[in-house]
Amino acid sequence: MTMGASPPRLLAMSGITKRFPGVVALEDVSLDLFGGEVLALMGENGAGKSTLMKILGGAEQPGEGRIDIDEKPVSLDSVRAAHRHGIALIHQELMLAPNLDIAGNLFLGNEGAARSLGILRRRELHLAAGALLVRVGLALPTETLVARLTAGQMQMVEIAKALSRKARVIIMDEPTSSLTLSESEHLFRIIRQLKAEGIGVIYISHRMDEVMKLADRIIVLRDGRRVGTLDRAEATVDKIVSMMVGRELTNAYFPARPPKAPEPPVLVVRDVVVRGAPRPVTFEAQRGEILGFAGLVGSGRTELMETIFGLAPASSGSMMVDGKPYAPRRPRDAIERGVYLAPEDRKRHGLVLPMTVAENISLPDVPRYGRFPLLNRKAERQVAEAEVARLRMRTPSILQRVVNLSGGNQQKVVLGKWLAMAPRVLILDEPTRGIDVGAKAEIYRHMASLAERGITILMVSSDMEEILGMSDRVVVMHERRVRGILPREGITAERIANLMTGGTAEGAAA
Amino acid sequence: MRRELGMFVALLAMCLLLFWSNSDFLGSSNALNTMRQIAMLGIYAIGIGFVIISGGIDLSIGSVIGLTGVIIAKVSSSSAPGLGLSLWIGIPCALGVALLIGLAQGLLITRLKLQPFIVTLGGMLLVRGVSQTVAEGGTISFGDAPFLQLANGGILSVHGEPLLPYPVLIFLVVVAVGTFLLHFTVLGRYVYAIGGNREAARYSGIDVDRVETLTYVVSAGLAGVAGVCYAAYIGQMSQQVGVAYELYAIAAAVLGGCSLRGGEGTVLGIVIGSAIMRVIDNGINMFQLPYLDENGAPRIWRLDPNWTFIIIGAVILIAVVLDQLVHMVNDARRTRRAAVSGTGPPTESVEVEPSAKTP
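Only a predicted model underlies this, so the values are computations on that prediction, with no experimental measurement involved.

1. Some words on the overall build of chain A
Within chain A, the secondary structure is distributed over 18 helices and 22 strands. By the compact-globule yardstick of 24 Å for 510 residues, chain A fits well, its C-alpha radius of gyration being 25 Å. The principal-axis extents of the C-alpha atoms in chain A amount to approximately 70 × 50 × 50 Å. When the 510 residues of chain A are sorted by exposure, 48% land in the buried category. Across chain A, the fraction of contacts at a sequence separation of at least 24, relative to all contacts at a separation of at least 6, is 66%.

Next up, the structure:
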């Protein structure tokens, strides 16, 4: 960097490359961080941010590249080694033990000072913990059980924990994703205070306003490569977005979809109360429509989809499919009516990874292939071959185990399994998460052609480009309720962003 | 299939070594008895295989084996405290109880979302206690009843020795039915899917609870069948029969390629695993090496029977360590292959991915 000599360079990562089976997660990425600096790390899902930070936190080892701390090469071969070098990683899902109190959590694995012959000296532990809580502005007794804390308070405990280890580099991964507005403000104050103390902060976030407010520099990753660095002075939201998204995404990336004439609704959801939600939800999805669902993480979109798919019955309200009452109590009920779900977490909910492509595709429908209760392997093979061809899956054979496929091809297996069964309503929850750009474009094309054939698609997405590029209409959810349904001509990024953060379509200051 | 082949080769090598050291190993009475032992273990090992492949565990089968025998003895033995009723009442009663135990455990595990380990641990202790109570803490003998023929008799007799003892016959039927169910029916596919990923199976509309419950019924049911054989084989029942048998069955299943994570394993593998367990058991008695002592007198070196558990334990550990090493090497190779072919700069091309070919 061409900065002056005054702030010391804490950290330099150079030429970091990391490969996983089937994907290159990081390719020749470099990053440096100075004392008293907030460096924002931005990029879409799957851009490689988390992998890079896991490497810095000692949880993953890079295939190539070097890491220097205080201008000296170091090897971060374990989480402990990273701690020793003053690096603290605060995960998006907080890693606290809810059954221990604050003091116990602060010194977990680092009881060092307060331990003599393996026995914890409780008084000293709590005294030290109290001092740390003051630094993060958390006015709570150190005996409070962590299970009783709010998300914001837990975040502060995590920061205090990092401070207890004398961390000089603190990495925060989406720290505000589950915080309230005032908790976020508190977090920002503490971050500025950390800066003043000379600590370097790496801040990962999707929220532009936070990044613009906090960051001294912004590094943008895309598809495992560093696409640019911006100083605060030159950064604008447009610049960042175009770097994150890349030019080819805005053009020719989404298939052209002419506006469609209104058609009769296929799925009607009326006053449905999802378990744990404060308000009923009402919407309709038309034949051949792609209905986008926008919202922040935790806005209740996935829960709504699970209710429609019968995974969690609705507490009240009614639904109709093709004009007939529809009240699924198990996924089987939904499947019988042609309502299918491709879940958000493919590996956990969508695929049996050790099974083959053919076995995964046939799973929901194999009893109907004939010869029941026997397996009809011939029909299974034919169906699988047809889906592999239709979706242009890249697999050496239908007998390949799904675990060996790339993310994009795995998603195609999930799609293939449902496409083989003539869907009426296809729910796609984050259909392109963690998928490379090429496979993304293909999946968008398939979605467009499915809609053209009259299939109704509910598309949950946290990717604004995707929502804008694919939806006929957009349902925006916030805190588990529908804040607005935007018709095609009314879809703008600004309106959606306002609605999903709790404002109105016309502006946040409602 | 790789695992099965490896274990089969190991089994064959063990048999050859034993036959080389002591030709009595394949002598008619030892071979017959080893076959019977393999068969009886194999019957309930296949049962627990259903549970393990679906991702569960069943610790109660040793107790179920014991209780089955005790019930038959109680109902059908003519010596005290037996009731002296027909075997046609005793055996169905015992098998019915075994099935009910499996059903009860399966329902507790699936409906109340309890952990299989805990439920079947409780079941193991409770069923053992019931055996003890029914047997009144003692032993019930079958005397000289024709029932004993079930274990000792068989078909195709040569010189009064059956070529195919009934337990082996039963075992072959269980192998055939088990193979059919697991590998050729939709139900079997579901068992593998649930073991591979329970949640994905549920999201695919499979009635996971019902299939899982059924695996526990199969496990307990086959333990019951094995229990009938053991009762006839031993000739008298006490609450001690069947203690720790579940551990042998789990070991046999794992040796044969089942993973306790679920989703992996075959009936053939379990059969090979059971054979290995019993051949080791038998081999410890049979193995011998002739040598000359310092005076030049011929002597025979034998394995110390006290080493039985050391050897069995070591074999299990070596098998899983080898398997894990193979896995790790394969994973590393796969990563390297991915690195070599690479995915290239994704902006460059959308259509072509050199790492895989389109069929």
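2. Description of the overall build of chain B
In terms of helices and strands, chain B carries 13 helices and six strands. The principal-axis extents of the C-alpha atoms in chain B amount to approximately 85 × 65 × 35 Å. Taken across its 359 residues, chain B has 46% of its residues classed as buried. Considering only contacts in chain B between residues 6 or more positions apart, those separated by 24 or more positions represent 72%.

3. Considering the domain arrangement of chain A
The domain boundaries assigned to chain A delineate domain 1 (15-245), domain 2 (260-338 + 423-510) and domain 3 (351-422). Computed over C-alpha atoms, the centres of domain 1 of chain A and domain 2 of chain A are 33 Å apart.

4. Regarding the sheet that holds strand 18 (residues 339-342) of chain A
All names here are of chain A. Strand order across the open sheet formed by six strands is 18-19-20-15-21-22, with mixed pairing between neighbours. Looking along the sheet, the strands with just one partner apiece sit at the ends: strand 18 and strand 22 (481-486). Taken pair by pair, the neighbouring strands of this sheet meet at an average axis angle of 20°, ignoring direction. Two strands pair when backbone bridges link them, and strand 21 (residues 473-478) and strand 22 are joined in this way by five bridges, in the antiparallel orientation. Pairing of Val474 across the sheet is with Leu486, part of strand 22. Lying over the sheet, helix 18 (residues 493-500) contacts strand 15 (290-294), strand 21 and strand 22, oriented at roughly 30° with respect to strand 21.

5. What to know about the sheet that holds strand 12 (residues 225-231) of chain A
All names here are of chain A. One open sheet accounts for six strands, arranged 6-9-10-3-11-12; its pairing is mixed. The outermost strands of the open sheet, each flanked by one partner alone, are strand 6 (87-90) and strand 12. For this sheet, the mean inter-axis angle between neighbouring strands, taken without regard to orientation, is 20°. One ladder, built from four bridges, connects strand 6 with strand 9 (residues 169-173); its direction is parallel. Residue pairing across strands places Leu89 opposite Ile171, the latter belonging to strand 9. Against the sheet, helix 6 (residues 181-196) touches strand 3 (38-42), strand 9 and strand 10 (200-204), its axis set at about 145° to strand 10.

6. Quick notes on the packing of helix 4 (residues 122-135) of chain A against helix 5 (residues 151-164) of chain A
Residue and element names in this part refer to chain A. Look at helix 4 against helix 5: their axes get within 9 Å of each other, and the N-to-C directions meet at 115°. In this structure, helix 4 meets helix 5 at a crossing whose hand is right-handed. On helix 5, the residues touching Leu132, Leu133 and Arg135 of helix 4 are Ala160, Leu163 and Ser164. Residues belonging to the contact of helix 4 with helix 5 are distributed by class as follows: four nonpolar, one polar and one charged.

7. Side note on helix 12 (residues 267-286) of chain B
Across its 20 residues, helix 12 of chain B extends 28 Å between first and last C-alpha, which sits within 8% of the 28 Å expected from 1.5 Å per residue. Counting buried positions over the 20 residues of helix 12 of chain B gives 16, a clear majority of the element.

8. Considerations on the environment of Leu52(A)
Residues and elements named next belong to chain A. By secondary structure assignment, the location of Leu52 is in helix 1 (residues 49-56). A residue is classified by how many C-beta atoms lie within 10 Å of it, and Leu52, with 28 of them, is buried. Each C-alpha atom of the pair Leu52 and Met477 lies 31 Å from the other, and the pair is 425 residues apart in sequence. Excluding anything up to four places from it in sequence, Leu52 contacts Ile16, Leu26 and Val29.

Basis of the calculations
- Residues numbered from 1 in each chain as written.
- Chains lettered and ligands numbered in written order.
- Predicted model: local features only at pLDDT ≥ 70, side-chain atom pairs only at ≥ 80, totals over all residues.
- Helix = DSSP H or I, 4+ residues; strand = E, 2+ residues; numbered from the N terminus.
- Rg over C-alpha atoms; globule rule 2.2 N^0.38 Å.
- Buried ≥ 20, exposed ≤ 12 C-beta atoms within 10 Å, placed from the backbone.
- Contact = placed C-beta atoms within 7 Å.
- Domains from an automatic or database assignment.
- Pairing = 2+ DSSP bridges.
- Axes fitted to C-alpha atoms, helices over the stretch in contact; angles between N-to-C directions.
- Left-handed = near helix turned anticlockwise from the far one by under 90°.
- Nonpolar A, V, L, I, M, F, W, Y, C, P; charged D, E, K, R; others polar.
- Expected span 1.5 Å × (residues − 1).

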